[in-house]
Amino acid sequence: MAELLRIAMDDEDGSAQLVVEVEDDEPGMVRASRVGDRMREASVSLEEALAPIRRAAETTLRTFQAAQPTTVELEFGVKLNASAGAVLTKAGVEGHIVVKLGWEKNHSGA
């Protein structure tokens, strides 16, 4: 059965929260309220959880920019987890990263 996970967001007054649906068998779930309620608290803020994903995106982008494409599109499957924060989701048995590179021909004749 799915439960709700409340994740604090780093804002000026600390009051912003994101609520996401997670499976109740996720490791690190901490009950935040009465027995029977389905709301849990995340152990890290959303920004803390996404920081490793952001660094992975930056590294991936730098790597593929070396090929000098006109466009680079990265798609990361991200799952929020109570104890691990944000994790890359799997596609089959591998981590989920889709990379699309594009090159446009120069039609100016130069």
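Everything quoted here is computed from the prediction, not taken from an experiment. (Residues numbered from 1 in each chain as written. Predicted model: local features only at pLDDT ≥ 70, side-chain atom pairs only at ≥ 80, totals over all residues. Heavy atoms only, no water.)

Details of the overall build of the protein chain
Where we set the bar: Secondary structure elements follow DSSP: runs of H or I no shorter than four residues count as helices, runs of E no shorter than two count as strands, and numbering proceeds from the N terminus. Only protein chains enter the accessibility calculation, which uses a 1.4 Å probe; a residue is then buried when its area is under 20% of its type maximum, exposed when over 50%, and partly exposed in between. Contacts are assigned to residue pairs that have any heavy atoms within 4.5 Å of one another. Calculation of accessible area relied on Shrake-Rupley with a 1.4 Å probe; when residues are assessed, cover is drawn exclusively from the protein chains displayed.
Per the secondary structure count, the protein chain includes one helix and 10 strands. Taken from the N to the C terminus, the helices and strands of the protein chain come in the order β-β-β-β-α-β-β-β-β-β-β. Out of the 110 residues belonging to the protein chain, those deemed buried represent 23%. Long-range pairs, those at least 24 residues apart, make up 52% of the contacts in the protein chain between residues at least 6 apart in sequence. Of the accessible surface of the protein chain, which amounts to about 7,600 Å², a share of 52% is contributed by carbon and sulfur atoms.

Focus: the pattern of salt bridges
Pairs may arise between side chains of opposite charge once their charged atoms sit close together. Our working definition: Salt-bridge detection follows one rule: a side-chain nitrogen of Lys or Arg within 4 Å of a carboxyl oxygen of Asp or Glu.
Within this structure, the stated rule accounts for two salt bridges. The residue E41 makes a salt bridge to R6 at a minimum N-O spacing of 2.6 Å. Taken together, the residues span a long stretch of sequence, with E41 in strand β4 (residues 39-41) and R6 in strand β1 (residues 2-8) at a distance of 35 residues. With a relative accessible area of 28%, E41 lands in the partly exposed category. R6 gets classed as partly exposed once you look at its relative accessible area, which sits at 23%. Residues R54 and E58 are paired through a salt bridge, measuring 3.4 Å at the closest nitrogen-oxygen approach. Placement of both R54 and E58 in helix α1 (residues 46-65) is noted, with a separation of four residues, approximately one turn of the helix. When its relative accessible area of 46% is taken as the criterion, R54 is described as partly exposed. We classify E58 as partly exposed; its relative accessible area is 38%.

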